[in-house]
Amino acid sequence: MKNKKDNGWAVLKRLVSYVKEFKLALFGGIVGMIGYALVDMTLIWSLKPLIDNGFTGKDPSVLEMMPYFVVIIIALRGVSAFLSSYCMAWVGTHVVMKLQRQLFAQLILLPISFFDKTNTGDLLSKITYDASQVSNAASNALVKIFREGATVIGLVLLMFYQSWQLSLVFFVIAPIVGIAISIVSKRFRKISKNLQNAMGLVTTSSEQMLKGHKEVLMFGGQKVENEKFRRVSNTVRTQNMKMASANAISVPVIQTIASFALAFVLYLATFPQIMDTLSSGTFVVIISSMLALMKPIKNVTQVNNEIQKGISASHSLFDMLDMTKAKDDGEYEVERVKGNISIDNIIFTYPTAEKPALNKVSFEVKEGQSIALVGRSGSGKSTIANLLTRFYDIDSGEIRLDGKNIEEYRLSSLRNQVAIVSQNVHLFNDTIANNIAYASEGKFTEQDIIDAATTAHAMEFIEGFPEGLNTIIGENGAMLSGGQRQRLAIARALLRDAPILILDEATSALDTESERHIQAALDELQKNRTSIVIAHRLSTIEHADQILVIDQGQVVEHGTHAELIAEGKIYHSLSQMQASGEL
């Protein structure tokens with residue numbers, strides 16, 4: 001049995017709930033659509049008096065009034081069309097805006113593990129391409145399907161009013177047309193889903209090339225990337241052609257089926273006993289109504305692919321909106337913790353891995369102390385920092401901050417206690433000042449920013465820019481060197497003034513002279529703070545209160561620098577290798 005979410009009607013019902021929120025505009029759109037259908041029905045109905053009374057001379061006033069009638073009725077048709085299109089476009093743009101905002105807010109709250117296994121290109125495709133398909137379905141497609149639907153109902157009622165006997169043929173053909181449209185709908189939905197996936201591949205391929213442009217040029221990968229893009233763009237073209245061919249075939253097939261109703265009525269016209277009961281005008285109205293039905297049936301069939309695209313895209317977006325957010329069940333909030341950290345027998349395995357990254361790790365850091373984590377790459381050092389800030393949740397064990405399990409803290413409150421300077425600095429395409437004071441919401445003055453930048457030795461290069469702190473630094477600080485980006489990250493941490501400091505290879509991108517300056521700033525920063533220093537260069541952590549050597553996810557040595565050197569084990573070996581330049 002299929003899950004309810006897999007049902008197209010359930011998805012459409014949920015999408016319509018977004019549309020219903022904008023009742024006034026929706027009401028205006030419905031009025032316009034009904035008005036449009038009534039105008040079309042009135043135009044066809046006017047053929048009866050025109051033929052029976054006007055052309056026969058029974059009532060000359062009909063011919064006299066007809067020019068005015070045509071102008072007025074066509075004007076009303078235009079007003080109705082504008083009202084329906086404008087109001088539904090207003091609804092559609094607001095629906096897609098709300099969906100995009102919800103999706104953006106949802107992505108911010110999803111756990112880091114989700115992003116570890118999801119392509120950024122796929123997510124961008126959902127926000128852009130999928131959202132545009134929903135907008136189209138919620139505006140243009142809905143206008144067409146409801147307006148044409150109202151026209152069909154109006155014309156059928158007009159036919160039955162004129163002659164219910166001849167109109168009964170409609171009920172023979174209608175179910176066949178409905179079955180044909182249902183079959184086409186399933187085909188459209190399947191192609192739409194494939195097209196969404198193909199668009200995600202295009203976005204991913206483009207994003208990877210743009211982000212890795214230097215590597216592409218350096219390694220001569222232009223041909224490789226071009227070939228990749230040719231393949232994915234051809235996949236999009238293929239799916240679009242399948243959609244176009246399905247649409248091109250469905251319209252004439254369904255219209256041909258509908259034409260049997262018209263043919264049957266024309267056949268009945270050959271029987272005098274039937275025609276004797278109808279006037280010429282009545283018969284023309286019935287035939288005209290049937291001919292007029294061809295256009296809305298065609299439009300409903302054509303718009304069906306847009307509706308199916310919208311349903312498929314909505315399905316994708318709703319799946320994302322229904323994903324479980326990062327766990328945040330804690331209620332404890334605190335302005336500023338003391339900084340006592342206790343890690344007790346923790347085990348943690350990354351969602352995409354089989355072997356634990358950390359296995360029964362335990363240690364304590366007292367308020368104001370500094371602890372250094374050293375070890376080979378991949379040993380689990382940075383994982384400890386990720387667990388302390390709850391970017392990931394542990395499998396077992398316990399992490400306590402000031403004696404309270406970190407899962408009892410509200411996430412925002414917990415993370416406010418920690419400042420991180422990572423080896424992978426991310427900067428925003430904004431001014432230097434806004435990057436240093438990121439998300440502070442006006443809490444700091446310009447002088448506070450200058451003081452932090454000065455302490456981090458960042459003002460030395462900031463003053464070299466014509467715009468100074470107001471310099472736009474480009475995507476991820478493209479204008480800056482690695483060392484300059486690192487200094488801005490340190491300035492950001494200084495400004496945050498959190499009681500706990502995590503330095504994850506904080507001086508890795510600096511040259512020797514810059515490192516000397518920054519290390520002095522970091523030493524000042526660490527005063528009266530609990531510090532966890534993840535270091536590759538052992539010279540930077542010699543004065544740490546405690547050093548832990550991590551190997552294959554376990555603490556294999558701990559002590560001060562002097563104690564570990566004296567033991568002559570792993571730490572001693574690492575120290576010797578660095579001294580000889582081997583590491």
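Residues numbered from 1 in each chain as written. Predicted model: local features only at pLDDT ≥ 70, side-chain atom pairs only at ≥ 80, totals over all residues. Heavy atoms only, no water.

Colleague: I tried to follow the sheet that holds strand S9 (residues 546-551) on my own but got confused; where do I start?
Modeller: Within a sheet, each strand pairs with its neighbour through backbone hydrogen bonds, oriented either parallel or antiparallel. Reading across from one edge, S6-S7-S8-S3-S9-S10 is the order of the six strands in this open sheet, with mixed pairing throughout. Either end of the sheet is taken by a strand with one partner, and the two such strands are strand S6 (418-421) and strand S10 (554-559). Averaged over all adjacent pairs, the angle separating strand axes in this sheet is 20 degrees, with direction ignored. Sheet topology places strand S3 (residues 370-374) next to S9; four bridges connect them, and they run parallel. Residue leucine 373 lies in a different strand from S9, and its bridge partner there is leucine 548. (Pairing = 2+ DSSP bridges. Helix = DSSP H or I, 4+ residues; strand = E, 2+ residues; numbered from the N terminus. Axes fitted to C-alpha atoms, helices over the stretch in contact; angles between N-to-C directions.)

Colleague: Teacher, can you tell me more about the packing of helix H16 (residues 446-455) against helix H18 (residues 482-496) here?
Modeller: Running from N to C, H16 and H18 cross one another at 125 degrees; their axes reach a closest spacing of 8 Å. Classified by the angle between their axes, H16 and H18 sit oblique to one another. As for how H16 packs across H18, the hand of that crossing is right-handed. Contacts between H16 and H18 involve Asp448, Ile449, Ala452, Ala453 and Thr455 on the former and, on the latter, Ala491, Leu494 and Leu495. Of the residues contributing to the contact of H16 with H18, the split by class is six nonpolar, one polar and one charged. (Parallel < 35°, antiparallel > 145°, perpendicular 65-115°, else oblique. Left-handed = near helix turned anticlockwise from the far one by under 90°. Contact = heavy atoms within 4.5 Å. Nonpolar A, V, L, I, M, F, W, Y, C, P; charged D, E, K, R; others polar.)

Colleague: What is the right way to read helix H13 (residues 381-388) from this model?
Modeller: Along an α-helix, residues three or four apart share an orientation, since each turn contains 3.6 residues. Across the eight residues that make up H13, a large majority, six, are buried. Among the residues trailing H13, arginine 390 stands out with phi positive, at a value near 60 degrees. (Buried < 20%, exposed > 50% of the residue type's maximum accessible area, 1.4 Å probe, protein only.)

Colleague: Would you mind showing me how to read the sheet that holds strand S4 (residues 396-401) here?
Modeller: Spatially, S2-S1-S4-S5 is the arrangement adopted by the four strands of the open sheet, whose pairing is antiparallel. The sheet terminates laterally at strand S2 (358-365) and strand S5 (404-405), the two strands that pair on one side only. Examined bridge by bridge, strand S1 (residues 341-348) and S2 share six bridges and lie antiparallel to one another. Residue pairing in the sheet places isoleucine 341 in a bridge with valine 365 of S2. In the packing of H13 onto the sheet, the strands contacted are S1, S2 and S4, and the crossing angle to S1 comes to about 110 degrees.

Colleague: How should the nonpolar core be read in this particular structure?
Modeller: Among soluble globular proteins, nonpolar side chains are generally buried collectively. Core analysis: the biggest nonpolar cluster contains 45 residues, and Ile432, Ile436, Ile462, Leu488, Ile541, Ile547 and Tyr571 have the highest contact counts within it. If you tally residues by element for this core, the top one is H18, at seven residues. Among all residues touching isoleucine 541, those that are not within four sequence positions of it are Ala372, Val374, Val533, Ala535, Ile547 and Tyr571. Judged by nonpolar contacts, the second largest core, of 30 residues, contains Ile343, Val361, Tyr392 and Ile532. (Core = buried A, V, L, I, M, F, W, Y, C linked by side-chain atoms within 4.5 Å.)

Colleague: Looking at this structure, how should I read the UniProt feature "transmembrane region" (unreviewed entry) in the protein chain?
Modeller: Within the UniProt annotation, "transmembrane region" (unreviewed entry) is assigned to residues 24-45, 65-91, 145-162, 168-185 and 246-268. Segment residues 24-45 splits into 100% helix and 0% strand. End C-alpha atoms: 31 Å apart. Its end C-alpha atoms 26 Å apart, residues 145-162 is made of 100% helix and 0% strand. (UniProt positions renumbered as here; feature names shortened; annotations may be inferred.)

Colleague: I tried to follow the packing of aromatic side chains on my own but got confused; where do I start?
Modeller: By the definition in use, this model includes ten aromatic pairs. Their ring planes at 15 degrees and their centres at 4.4 Å tell us that phenylalanine 428 and tyrosine 438 sit as a pair that is stacked. Here the residue phenylalanine 428 occupies a position in the loop between S6 and helix H15 (432-436), and tyrosine 438 occupies one in the loop between H15 and H16, the gap between them amounting to ten residues. Aromatic side chains phenylalanine 461 and phenylalanine 465 sit 6.4 Å apart centroid to centroid with 90 degrees between the ring planes, which places their arrangement in the edge-to-face category. Relative accessible area serves as the criterion here: at 18%, phenylalanine 465 is assigned to the buried category. One Lys or Arg, arginine 14, reaches over the ring of phenylalanine 318 and ends 4.2 Å from the middle of that ring. Cation over ring: lysine 404 sits above tyrosine 332, and NZ or CZ is 4.6 Å from the ring centre. (Phe/Tyr/Trp six-rings, centres within 6.5 Å; stacked < 30°, edge-to-face > 60°. Lys NZ or Arg CZ within 6 Å of the ring centre and 35° of its normal.)

Colleague: How do you make sense of the pattern of salt bridges when you look at a structure like this?
Modeller: One side chain can pair with another of opposite charge once the charged atoms of both are near each other. Applying the stated criterion to the full structure yields 15 salt bridges. Two residues, aspartate 40 and arginine 77, come together in a salt bridge whose shortest N-O distance is 2.7 Å. On the criterion of sequence distance, the pair formed by aspartate 40 in helix H2 (residues 23-45) and arginine 77 in helix H4 (residues 60-109) is long-range, its members being 37 residues apart. Classification of aspartate 40 as buried rests on a relative accessible area of 15%. For the salt bridge of aspartate 551 with arginine 376, the shortest nitrogen-to-oxygen distance reads 3.9 Å. You can see aspartate 551 sitting in strand S9 and its partner arginine 376 sitting in the loop between S3 and H13, a full 175 residues away along the chain. On the accessibility criterion, aspartate 551 (22% relative accessible area) is partly exposed. (Salt bridge = Lys/Arg side-chain N within 4 Å of Asp/Glu carboxyl O.)

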